[in-house]
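# Close look at the chain arrangement
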Amino acid sequence: MHTYKYIFLREEKKNRVMGLTGVTLLVSLIVLTAVTIPSNACPPSDLAALMDFKAALKEPYLGIFNTWTGSNCCQGWHGVSCDPTTQRVADIVLRGESEDPIYEKTGRSGYMTGSLSTSLCKLDRLTTLIVADWKDISGSIPVCLTSLPNLRILELIGNKITGSIPANIGQLSKLTVLNLADNQISGSIPGSIVNLGKLMHLELSNNQLSGSIPVDMGKLKMISRALLNKNKLTGSIPSSICQLSRLADLDLSMNQITGSLPVQLGSMPVLSTLNLDSNQISGSIPTNLLSSSGLNILNLSRNSLEGVLPDVFCSKTYFTHLDLSYNNLRGSVPKSLASAKYIGHLDLSHNHLCGPIPNGSPFDHLEASSFANNDCLCGSPLRTC
């Protein structure tokens, strides 16, 4: 205050000489004061919101919240970072599994109880919210999170979060990552999710989601991974999914999906992993799904697929994993499999296949279990014909 008083008296004397008004003198003082106050202080509103967030959680082993002291949340607070220009809280990254020294020192992964405070929604400059792998955080996802205009990453994987996905999740127009896997979330996938035009990674696996997959999933033009496995989803696979030109990884396994396989699945330009096992999918296997040169992992096991196995493999075929077991496939083992560039794991067991198993690669490195429990298959590695 002595410094400010000195500056004020000096400016007052100068302004009297120059004939300036009292208003101008006051403005001059305000500008000088603004410049003098430290610019890296944590805004009180952000500080209060973080303290409310902390109060709703209990982390008994690592002591990460012990670093949340003082009035400047932009400096030294574990998992918190601020925009260097505005000093507003931009990122909260709290992972229960990490290589950070604080975890190595205790020799254990994280554990946390409590719930997510709605005060998080007051951090209106937040771009990243990661509260992952704490095992016992419960409660629901605060609905007001959908009002955060700058949120790009929302990752709450590996907790015990219940309730439903907020219906207005589609309002997060900048969201690129939505990961809510390994929780106890129920209800349906909100229809508004298809409005997340910048979404690249969607992971909702291992929850209790029910209902059908939104029919307009094809609107998610930027998406590269969609993992919805281990839920209770019903209905058929929306044909609009085949319009996702950037989708490389699709996992709908371990649900209750019915209907047939969309014909254009095999024509998706970058799809490399397709897991649809353990559903109730019926009908035949589209020819282009097996002749695709881009698919590397294809698992259609434990469904109700029928018909013959298309003989469409070629020199561009490259499967590290091809599992068609536990279906109702008939006919013979395709001879064209011998012309494939590479077949790693192959499982045709528990079908109704018949006839001789072709000779040569890849059959010469496969075990009998790959062909077990068919109607009348014979030849190596099974009994001779």
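The structure displayed is predicted, hence computed values, not measured ones.

## So, the state of the cysteines
Throughout the structure, instances matching the rule amount to four disulfides. Each disulfide pairs two cysteine sulfurs, and for Cys74 the partner residue is Cys82, the sulfurs being separated by 2.1 Å. Here the S-S torsion is close to -90 degrees, and the disulfide linking Cys74 with Cys82 is therefore left-handed. Bridging Cys121 to Cys144, the disulfide has an S-S length of 1.9 Å. Its torsion about the S-S bond being 70 degrees, the disulfide of Cys121 and Cys144 is classed as right-handed.

## Focus: unusual backbone geometry
Here Ser380 and Pro381 are connected by a cis peptide whose omega angle stands at 10 degrees. Inspection of the secondary structure assignment puts Pro381 in the segment after β23 (376-378). Phi at Asn206 takes a positive value of approximately 55 degrees, unusual for a residue other than glycine. With respect to the helices and strands, the residue Asn206 is situated in the loop between β10 (201-203) and β11 (208-212). With phi around 55 degrees, Tyr326 is a residue other than glycine that occupies positive phi space. Locating Tyr326 in the fold gives a position in the loop between β19 (318-323) and β20 (328-331).

## Details of the pairing of β19
Pairing between strand β17 (residues 297-299) and β19: three bridges, direction parallel. Bridging across to β19, Leu298 finds its partner in Leu322.

## Observations regarding the pattern of salt bridges
Per the counting criterion, the structure on display carries five salt bridges. Asp124 is the salt-bridge partner of Arg88, the closest N and O atoms lying 2.7 Å from each other. Here Asp124 lies in the loop between β4 (112-115) and β5 (128-132) and Arg88 lies in the loop between β2 (80-82) and β3 (89-95), a separation of 36 residues in the sequence. Close ionic contact of Asp136 with Lys160 constitutes a salt bridge, the shortest N to O distance being 3.3 Å. Placement of Asp136 in strand β6 (residues 135-138) and of Lys160 in the loop between β7 (153-155) and β8 (177-179) is noted, with a sequence separation of 24 residues between them. With a relative accessible area of 36%, Lys160 lands in the partly exposed category. Salt bridges sharing partners connect three or more residues here, namely Asp46, Arg88 and Asp124.

## Remarks on the sheet that holds strand β21 (residues 342-347)
Here 12 strands make up an open sheet; going across it, the order is β2-β3-β5-β7-β8-β10-β12-β14-β15-β17-β19-β21 and the pairing mixed. Looking at which strands have only one partner, the edges of the open sheet turn out to be β2 and β21. Taken over all neighbouring pairs, the strand axes of this sheet differ in orientation by 10 degrees on average, direction set aside. The pairing of β2 with β3 spans three bridges and is antiparallel. Each bridged residue has a counterpart across the sheet, and for Val80 the counterpart in β3 is Ile92.

## Remarks on the side chain of Asp249
In this structure, Asp249 sits in strand β14 (residues 249-251). Using a relative accessible area of 15% as the deciding quantity, one classes Asp249 as buried. In this structure the side chain of Asp249 is engaged in a polar contact, spanning 3.3 Å, whose partner is the side chain of Arg225. For Asp249, the contacting residues outside a window of four places in its chain are Ser224, Arg225, Ala226, Leu227, Leu271 and Thr273.

## Comments concerning the environment of Ala248
With respect to the secondary-structure elements, Ala248 resides in the loop between β13 (232-234) and β14. For the pair Ala248 and Val270, spaced 22 residues apart in the sequence, the C-alpha separation amounts to 5.2 Å. When sequence neighbours within four positions are dropped, the list of residues in contact with Ala248 reads Ser224, Val270, Leu271, Ser272 and Thr273.

## Topic: the sheet that holds strand β9 (residues 186-188)
Taking strand neighbours across the sheet as the criterion, the three strands line up as β9-β11-β13 in an open arrangement whose pairing is parallel. Looking along the sheet, the strands with just one partner apiece sit at the ends: β9 and β13. Here the average twist between neighbouring strands, direction ignored, is 10 degrees. Pairing of β11 with β13, which is carried by three bridges, proceeds in the parallel orientation. Across the sheet, Gly211 pairs through a bridge with Leu233, a residue of β13.

## Description of the packing of aromatic side chains
Tallying each qualifying case throughout the model produces six aromatic pairs. Judged by centre distance (6.3 Å) and plane angle (50 degrees), the ring pair of Tyr61 and Tyr111 falls under tilted. Within this pair, whereas Tyr61 is found in the loop between β1 (57-58) and β2, its partner Tyr111 is found in the loop between α4 (101-106) and β4, the two being separated by 50 residues in sequence. Taking relative accessible area as the criterion, Tyr61 reaches 45% and is therefore assigned partly exposed. Tyr111 sits in the partly exposed class, given a relative accessible area of 27%. Feature note: the residues Phe53, Phe65, Trp68 and Trp77 constitute an aromatic cluster, connected by ring pairs.

The rules behind these values
- Residues numbered from 1 in each chain as written.
- Predicted model: local features only at pLDDT ≥ 70, side-chain atom pairs only at ≥ 80, totals over all residues.
- Heavy atoms only, no water.
- Disulfide = S-S within 2.5 Å.
- Helix = DSSP H or I, 4+ residues; strand = E, 2+ residues; numbered from the N terminus.
- Pairing = 2+ DSSP bridges.
- Salt bridge = Lys/Arg side-chain N within 4 Å of Asp/Glu carboxyl O.
- Buried < 20%, exposed > 50% of the residue type's maximum accessible area, 1.4 Å probe, protein only.
- Axes fitted to C-alpha atoms, helices over the stretch in contact; angles between N-to-C directions.
- Polar contact = N/O pair within 3.5 Å; in protein donor to acceptor, adjacent residues only side chain to side chain.
- Contact = heavy atoms within 4.5 Å.
- Phe/Tyr/Trp six-rings, centres within 6.5 Å; stacked < 30°, edge-to-face > 60°.

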